[in-house]
Structures are given as C-alpha cells and as structure tokens.
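# Notes for the structure review
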Amino acid sequence: MAMERTYLMVKPDAVQRGLMGEIVSRLERKGLKPVAMKFTTIPREICENHYGEHKGKPFYPGLIDYITCGPVLAMVWEGDNAISVCRQMMGKTNPQEAAPGTIRGDYAVDMGRNMIHGSDSPESAAREISIFFSPEELMDYGRSIDAWVYE
Ligand code: IDP
Ligand code: MG
C-alpha cells in the first residue's frame with residue numbers, strides 16, 4: 001500500500017453554495033481519513049505562494065481574487081494513493097469535461113468556479129500541506145474501521 005496525504009480545499013464558491021458537507025461526506029464515505037481541517041480566509045500572499053506555478057497565466061489574477069474572496073475549508077486527507085484517488089473524485093479542471101459522479105462533474109459548470117482544489121503529486125502535496133498546516137495540526141490517530149476499508 002502507498003499511504004499518502006493530500007491537501008484538499010473546498011473553494012469559496014462551494015462554501016457559499018452550502019456544499020462543504022457534501023464534499024466532506026463524499027471523502028468520508030470513500031473511506032479516506034481526515035487528518036486536518038481549517039475554515040479560514042486565505043491571505044493574498046499565501047494564496048499567491050500556493051498557486052505560484054500559475055503566475056503569469058491569463059487566469060491567474062482572477063484565480064487569486066476567487067480563492068481569497070471568502071472562507072475556504074482547508075483540509076488534509078489520508079489514504080492509499082490518496083493523491084490520485086482524490087483527483088479522480090474531483091474530476092477534470094474544466095467542470096464541463098468532468099465526468100458525472102465527480103465533484104466538479106456533479107456540481108460545477110465553470111472553470112473559474114470549480115469547487116475544489118487537490119494536490120497533483122507527492123511533491124505538491126508536501127508543499128501545500130506545509131503552507132496551510134503546522135506539523136502539530138496534523139492528527140495522527142487510528143480508526144478501527146480501517147480494518148474494513150483496507151484488506
Ligand atoms: P486543478 O485545480 O485541476 O489542479 P490547475 O490547472 O492547477 O487545475 O488550475 C488551478 C485552478 O485555476 C483551477 O482549479 C481553476 O480554478 C483555475 N483555472 C485554471 N485554468 C483556468 C481557466 O482557463 N480559466 C479560469 N480559471 C482557471
Ligand atoms: Mg493544480
């Protein structure tokens with residue numbers, strides 16, 4: 001098994017639309033384990049750091065405005081191959097191309113209002129987790145149900 005941690009973030013549009021619980025619920029029902037959560041409005045400089053790879057792209061200013069416009073739910077989730085499992089649950093970046101059954105496929109229609117962020121590699125997961133959480137905010141605990149989630 002490849003136990004991984006990934007940084008996920010319910011974006012401001014999903015918070016405003018009352019869909020935080022829906023997203024957390026899907027992740028829980030999948031069998032993933034919550035490691036950290038924080039309801040917070042992201043300062044601009046931190047958002048610019050988080051999305052540094054997109055600096056200079058045409059959508060970048062709008063992206064920073066969007067993500068900093070209101071509270072987000074910053075989260076860390078753990079599971080076997082959690083990074084790719086969560087990317088699959090999110091669906092493609094463009095919600096119009098995201099498959100039904102995915103979060104973006106079921107709830108969004110616009111690339112600039114696509115509900116959720118998820119790390120795309122172990123390197124970006126480690127980087128993003130460290131931007132939003134200190135080590136002591138990451139909960140280390142066991143769950144008896146994991147014997148029924150993993151063989
Ligand atoms: P991802 O969120 O699926 O990893 P990225 O390519 O990393 O997609 O883009 C980061 C975020 O920037 C997207 O989730 C979306 O909110 C926004 N974004 C990307 N491309 C566009 C675009 O062409 N128009 C508007 N927003 C975009
Ligand atoms: Mg990305």
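This section reports on the structure supplied with the text. (Residues numbered from 1 in each chain as written. Chains lettered and ligands numbered in written order. Predicted model: local features only at pLDDT ≥ 70, side-chain atom pairs only at ≥ 80, totals over all residues. Heavy atoms only, no water.)

### A short note on the overall build of the protein chain
Spelled out, the test is: By the criteria applied, helices consist of DSSP H or I runs no shorter than four residues and strands consist of E runs no shorter than two, each listed in order from the N terminus. Radius of gyration: over C-alpha atoms. The globule rule applied is 2.2 Å multiplied by the number of residues raised to the 0.38 power. The cut-offs for exposure are 20% and 50% of the maximum accessible area for each residue type, with area from a 1.4 Å probe on protein chains only; residues under the lower value are buried, those over the upper are exposed, and the others partly exposed. Computed with the Shrake-Rupley method and a 1.4 Å probe, the accessible areas treat only the protein chains shown as cover for residues. None of His or the chain ends enter the tally, which takes Lys and Arg as positive and Asp and Glu as negative. Here the site of a charge means atom NZ of a Lys, CZ of an Arg, CG of an Asp or CD of a Glu.
Per the secondary structure count, the protein chain includes eight helices and four strands. By the compact-globule yardstick of 15 Å for 151 residues, the protein chain fits well, its C-alpha radius of gyration being 15 Å. Within the span of the protein chain, comprising 151 residues, buried residues form 47% of the whole. For the protein chain, the computed accessible surface area is about 8,000 Å², with 54% contributed by carbon and sulfur atoms. Charged side chains in the protein chain number 17 positive and 21 negative. The centres of these two groups are separated by 4 Å.

### Thoughts on the layout of surface pockets
Unfilled space is identified by rolling a water-sized probe across the atoms. Note the threshold: Detection works on a 1 Å grid of protein atoms alone, calling trapped sets that fit a 1.4 Å probe cavities and calling open sets with protein on both sides within 12 Å along at least five of seven lines pockets, with lining residues defined by an atom within 4 Å of a point. Grid points are joined across faces, edges and corners, and a volume is the space filled by probe spheres set on the points. Gly counts as polar in this scheme, as do all residues outside two lists: the nonpolar Ala, Val, Leu, Ile, Met, Phe, Trp, Tyr, Cys and Pro, and the charged Asp, Glu, Lys and Arg.
Looking at the largest pocket, its volume works out to about 450 Å³. Lining the largest pocket are 22 residues, and of these Lys11, Tyr51, His54, Thr93 and Asn114 sit closest to its centre. Among the secondary structure elements, those contributing two or more residues to the lining of the largest pocket are α4 (60–68), α5 (82–90) and β4 (116–118). Its residues assigned to classes, the lining of the largest pocket shows seven nonpolar, eight polar and seven charged.

### Overview of the pattern of salt bridges
Note the cut-off: Salt-bridge detection follows one rule: a side-chain nitrogen of Lys or Arg within 4 Å of a carboxyl oxygen of Asp or Glu.
A full pass over the atoms with the stated rule returns eight salt bridges. Of the charged contacts in the structure, one is a salt bridge between Arg5 and Glu78, with a shortest N-O distance of 2.7 Å. Taken together, the residues span a long stretch of sequence, with Arg5 in strand β1 (residues 3–10) and Glu78 in strand β3 (residues 72–80) at a distance of 73 residues. For Glu78, a relative accessible area of 17% puts it in the buried group. Between Arg5 and Asp140 there is a salt bridge, and its shortest N-O distance comes to 3.2 Å. Taken together, the residues span a long stretch of sequence, with Arg5 in strand β1 and Asp140 in the loop between α7 (122–132) and α8 (146–149) at a distance of 135 residues. Each of Arg5, Lys33, Glu78 and Asp140 takes part in one network of salt bridges that share partners.

### Section: the site of ligand 1
How we decide: Note on definitions. A residue lies near a molecule or strand when any single heavy atom of the residue is within 4 Å of it. Throughout this description, a polar contact denotes any pair of N or O atoms lying within 3.5 Å of each other; where both atoms belong to protein, one of them has to be capable of donating a hydrogen while the other can accept it, and for residues adjacent in sequence the pair is counted only when both atoms sit in side chains. The rule for placing a molecule in a cavity or pocket is simple: more than half of its atoms must lie within 2 Å of the grid points.
Around ligand 1 sit Lys11, Tyr51, His54, Phe59, Leu63, Tyr66, Arg87, Thr93, Arg104, Met111, Gly112 and Asn114, and that is every residue in its neighbourhood. Between ligand 1 and the protein, one listed contact pairs an oxygen atom with a backbone N or O atom of Met111 at 3.4 Å. Burial of ligand 1 by the surrounding chains reaches 78%, relative to a free accessible area of 530 Å². A majority-of-atoms criterion places ligand 1 in the largest pocket. Grouping the constituent residues of the shell around ligand 1 by class yields five nonpolar, four polar and three charged.

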